[in-house]
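Take a look at the letters that make up each chain.
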Amino acid sequence: MEACRMEGESKEKLASVSSLVTVFENSRTPGAASRVCKLEIEHHCPGGRAPPPAEPWKEPNLGETLQGSEPRMVSRRYLSSLKNKLSSGAWRKSCQPGTDPGLGTQEPEEKRIVQELLETEKAYVARLHLLDQVFFQELLREARASKAFPEDVVRLIFSNISSIYQFHAQFFLPELQRRLDDWTATPRIGDVIQKLAPFLKMYSEYVKNFERAAELLASWTDKSAPFQEVITRIQSSEASGSLTLQHHMLEPVQRIPRYELLLKEYVQKLPAQAPDRADAQKALDMIFLAAQHSNAAITEMERLQDLWDVYQRLGLEDDIVDPSNTLLREGPVLKISFRRSDPMERYLFLFNNMLLYCIPKVIQVGAQFQVRTRIDVAGMKVRELTDAEFPHSFLVSGKQRTLELQARSQEEMISWIQACQAAIDQIEKRNETFKAAVQGPEGDTQEQEQLQSEELGLRAPQWVRDKMVTMCMRCREPFNALMRRRHHCRACGYVVCAKCSDYRAELKYDGNRPNRVCFHCYTFLTGNVLREDKEDKKRGILEKGSTTGSEQSIMCGFLQLVGDKWGKSGPRGWCVIPRDDPLVLYVYAAPQDMRAHTSVPLLGYQVTAGTQADSRVFQLQQSGQLYTFKAETEELRDRWVKAMERAASGWSPRGPSDGDLSD
């Protein structure tokens, strides 16, 4: 008796899914589906208690319906997590279909999986029937009758749903049903799925159109009252299950990955010598390819949605909107100014073909950012900067502009450099004739010479910051506020005086417009030879260019100059022990100065470290000469003392990295 009761429940459950189709087919006649609907209600409501009957196509109050059943846009976040949700198996029903667990143990595992596949396929075909034969056809009838909205809009919303419905209802579902009915004689489904799997690629067209369909659905729901009325009436019917049209439209998007999961489990449960094992594995491979089509379409939808969001935040400027672009990275950075001491907040968008340098808008009405500069990735260079004042800084040099930027952390800086370099490498692969970017150390004179000989005027230079120099980098005369003010050469980026930059040359990176340049760049760019008044002037002992990196110095950095010995040189100086002159200490007013204001030959000096007043102080003393310095930390003091003691004893480096004490 118990077995008969369980078998009856099983048949009733199988019939409940199929009865949905009957509801859909008879739903156009009011009251025709009441008997089947009652069966569904009794099945889903424990104890036989059912809610009051309702006519499936009775038109509800429009205001009440809009509050509870208004179609909602499918969010991009939902789409991006769709593949993860499907792969987790969360969609599986808690109760296995068909029979009681006690009876299920008597059947092979693989057959129970096939039964589950058949049950979910019946429910899926019922959803497709609702989409194609109810929503689609009713909207088409309304469009033809009222002319309130175009038929083409309806066809675009539902895409190729009719083909998908016919394939599953007329071919796939009947084949699965026949095979399960004849399971004892033919316990296999691999050959069936192999025969039908190639047709599943039609889903890629539906998935690609899904985002556009959702937008059209939301738009015409707002614009057209008849359009909204048809959808609301169907959604409020019992056949729709209190779900919106958009939720029903998601079913085809999720279906292919569900096939893959079920078939994968089926293959795992098959015995090693099962006759269906080879066919099932081959079918799984084919389903996997179809799932890739669906996942690729979802990924493409995510990319386009991300791209559209970015373009909206940028104000939809015509010269940057391109659906073929790919957003690689975005985020805030600080812009290091060559005039201001404090960095400025900026925002970067890195695409596969361009870097957008933007300013956040204070009043964010519409666009959130204003694009200040577009730098093409083709020809762009990126490298880390070694700047003690601005840690985690990096340089982006492009044909349109060169930027000194600061990240919030070392990890973020590395991430930006890697992302930019990956985009550059990708461009280079596409264009084999593009010259590979050369990354040299900051302050390397060879890099400046290479820039002058190969790229001068072709790309925006890196500007030397004002506070890094106290004298003209060409004539070496000190700057002052009245007679000798600072200017930047637009070709090489040097800080020069007005006399040395009183020339103009056309620069290709600025559209061949004339720009202020120094006389060296003017000569190189135009070929005109200028007479330099100081050409034959003998080089002074202090006219030795400063160095800012460990490649040219044993030790370099800022030190406070204590006492009256230093005169008007100021409270702080840039001190360097160069590798090519390791027995002399040069003191500059700024790191990029071309001439030192003081030099101290260290050979024979006595170095003493620390005083009772301040442990960061150290002194150089010899025959009445006394120089007092103060480092920022005790650790820096110890390194300076060690470097000066070496020089005082006559030590010289033997190799490029021998004795390096620089930070």
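Residues numbered from 1 in each chain as written. Predicted model: local features only at pLDDT ≥ 70, side-chain atom pairs only at ≥ 80, totals over all residues. Heavy atoms only, no water.

Caption draft 1: Looking closely at the overall build of the protein chain. Counting its secondary structure elements, the protein chain contains 19 helices and 18 strands. In the protein chain, of all internal contacts separated by at least 6 residues, the share reaching a separation of at least 24 is 60%. Per element, the accessible surface of the protein chain, about 34300 Å² overall, is 50% carbon and sulfur. (Helix = DSSP H or I, 4+ residues; strand = E, 2+ residues; numbered from the N terminus. Contact = heavy atoms within 4.5 Å. Areas by Shrake-Rupley, 256 points an atom, 1.4 Å probe, with all protein chains shown as cover.)

Caption draft 2: Region of the structure containing the packing of aromatic side chains. Applying the stated criterion across every chain yields a total of 14 aromatic pairs. A centroid spacing of 5.8 Å and a plane angle of 35° characterise the contact between Phe-167 and Phe-199, whose relative ring orientation is tilted. Here the residue Phe-167 occupies a position in helix α9 (residues 161–181), and Phe-199 occupies one in the loop between α10 (190–196) and α11 (203–223), the gap between them amounting to 32 residues. The class of Phe-167 is buried, set by a relative accessible area of 6%. An aromatic cluster of at least three residues, connected via ring pairs, comprises Phe-167, Phe-172, Phe-199 and Tyr-259. If you follow Lys-223 out to its NZ or CZ, it ends over the ring of Trp-220, 4.0 Å from the centre. When the ring centre of Trp-416 is taken as reference, the NZ or CZ atom of Arg-329 above it lies at 4.5 Å. (Phe/Tyr/Trp six-rings, centres within 6.5 Å; stacked < 30°, edge-to-face > 60°. Buried < 20%, exposed > 50% of the residue type's maximum accessible area, 1.4 Å probe, protein only. Lys NZ or Arg CZ within 6 Å of the ring centre and 35° of its normal.)

Caption draft 3: Examining the environment of Gln-625 more closely. Note that Gln-625 resides in strand β18 (residues 625–630). For Gln-625, a relative accessible area of 30% gives the class partly exposed. Between the C-alpha atom of Gln-625 and that of Tyr-605, which follows or precedes it by 20 residues, the distance is 9.1 Å.

Caption draft 4: Structural detail: the pattern of salt bridges. According to the stated counting rule, one finds 20 salt bridges in the structure shown. In this structure, the salt-bridge partner of Asp-191 is Arg-179, at a minimum N-O distance of 2.9 Å. A residue pair is termed long-range when its members are at least 10 positions apart, and Asp-191 in helix α10 and Arg-179 in helix α9 qualify at 12 residues. Here Arg-513 makes a salt bridge to Asp-510, at a shortest N to O gap of 2.8 Å. (Salt bridge = Lys/Arg side-chain N within 4 Å of Asp/Glu carboxyl O.)

Caption draft 5: The nonpolar core, seen in detail. Ile-157, Phe-158, Met-249 and Tyr-266 are the most contacted members of the largest nonpolar core, which totals 65 residues. Looking at this core element by element, the count peaks at 15 residues for helix α7 (residues 109–146). Excluding residues that lie within four positions of it along the chain, Phe-158 makes contacts with Leu-131, Phe-135, Phe-136, Leu-139, Tyr-206 and Leu-245. Val-469, Met-473, Cys-492 and Cys-500 belong to the second largest nonpolar core, which has 25 residues in total. (Core = buried A, V, L, I, M, F, W, Y, C linked by side-chain atoms within 4.5 Å.)

Caption draft 6: Structural context of the environment of Ala-367. If you trace the backbone, Ala-367 turns up in the loop between β3 (354–360) and β4 (369–376). In this structure, the C-alpha to C-alpha distance between Ala-367 and Tyr-311, residues 56 residues apart in sequence, is 8.7 Å. When sequence neighbours within four positions are dropped, the list of residues in contact with Ala-367 reads Gln-312, Arg-313, Leu-314, Gly-315 and Lys-361.

Caption draft 7: Here's a closer look at the sheet that holds strand β1 (residues 327–335). Reading across from one edge, β4-β3-β2-β1-β7-β6-β5 is the order of the 7 strands in this open sheet, with antiparallel pairing throughout. The open sheet has two edge strands with one neighbour each: β4 and β5 (381–384). In this sheet, neighbouring strand axes are inclined to one another by 30° on average, regardless of whether the strands run parallel or antiparallel. Strand direction decides the pairing type here: β1 and strand β2 (residues 344–351), joined by 8 bridges, are antiparallel. Among the inter-strand pairings, Lys-335 is bridged to a residue of β2, identified as Met-344. (Pairing = 2+ DSSP bridges. Axes fitted to C-alpha atoms, helices over the stretch in contact; angles between N-to-C directions.)

Caption draft 8: A look at the packing of α11 against helix α12 (residues 225–235). Between α11 and α12, the least distance of the axes is 6 Å, while the angle of their chain directions is 115°. The pairing of α11 with α12 is recorded here as roughly perpendicular in orientation. Like other packed secondary-structure pairs, α11 and α12 cross with a definite hand, here left-handed. Contacts between α11 and α12 pair Leu-217, Trp-220, Thr-221 and Lys-223 from the former with Ala-225, Phe-227, Gln-228 and Ile-231 from the latter. Its residues assigned to classes, the contact of α11 with α12 comprises 5 nonpolar, 2 polar and 1 charged. (Parallel < 35°, antiparallel > 145°, perpendicular 65-115°, else oblique. Left-handed = near helix turned anticlockwise from the far one by under 90°. Nonpolar A, V, L, I, M, F, W, Y, C, P; charged D, E, K, R; others polar.)

Caption draft 9: Quick peek at the pairing of β18. One ladder, built from 3 bridges, connects strand β12 (residues 553–562) with β18; its direction is antiparallel. Each residue of the ladder has a partner; that of Gln-560, found in β18, is Lys-630. Both strand β17 (residues 617–622) and β18 contribute to a ladder of 6 bridges, which runs antiparallel. Counterpart to Gln-621 in the pairing with β18 is Leu-626. Where β17 folds back on β18, the antiparallel hairpin that results is connected by 2 residues, among which Ser-623 adopts a positive phi of roughly 50°.

Caption draft 10: Fine view of the confidence of the model for the protein chain. Summing up the model confidence of the protein chain, the mean pLDDT is 76 and the portion of residues at 70 or higher is 72%. Low pLDDT (under 50) marks residues 9–74, which in the prediction has 86 contacts with non-local residues, meaning those over four places away or in another chain. Segment residues 85–105 is flagged for pLDDT under 50; beyond a separation of four residues in sequence, or across chains, it makes 28 contacts in the model. (pLDDT = per-residue confidence, 0-100.)

Caption draft 11: Representation of the side chain of Arg-258 in the model. With respect to the helices, strands and loops of the structure, Arg-258 is situated in helix α14 (residues 251–269). For Arg-258, a relative accessible area of 15% corresponds to the buried category.

Caption draft 12: Focus on the state of the cysteines. The tally for this structure, following the rule as stated, stands at 0 disulfides. Free cysteine Cys-497: the closest other cysteine sulfur is in Cys-500, separated by 3.5 Å. The exposure class assigned to Cys-497 is buried, which follows from its relative accessible area of 0%. (Disulfide = S-S within 2.5 Å.)

Caption draft 13: The packing of α11 against α14, seen in detail. Between α11 and α14, whose axes approach to 9 Å, the crossing angle comes to 135°. It follows from the interaxial angle that α11 and α14 lie oblique. Viewed along their axes, α11 and α14 form a crossing whose handedness is left-handed. Contacts between α11 and α14 involve Tyr-203, Tyr-206, Val-207 and Phe-210 from the former and Pro-252, Val-253, Arg-255 and Ile-256 from the latter. When its residues are assigned to classes, the contact of α11 with α14 shows 7 nonpolar, no polar and 1 charged.

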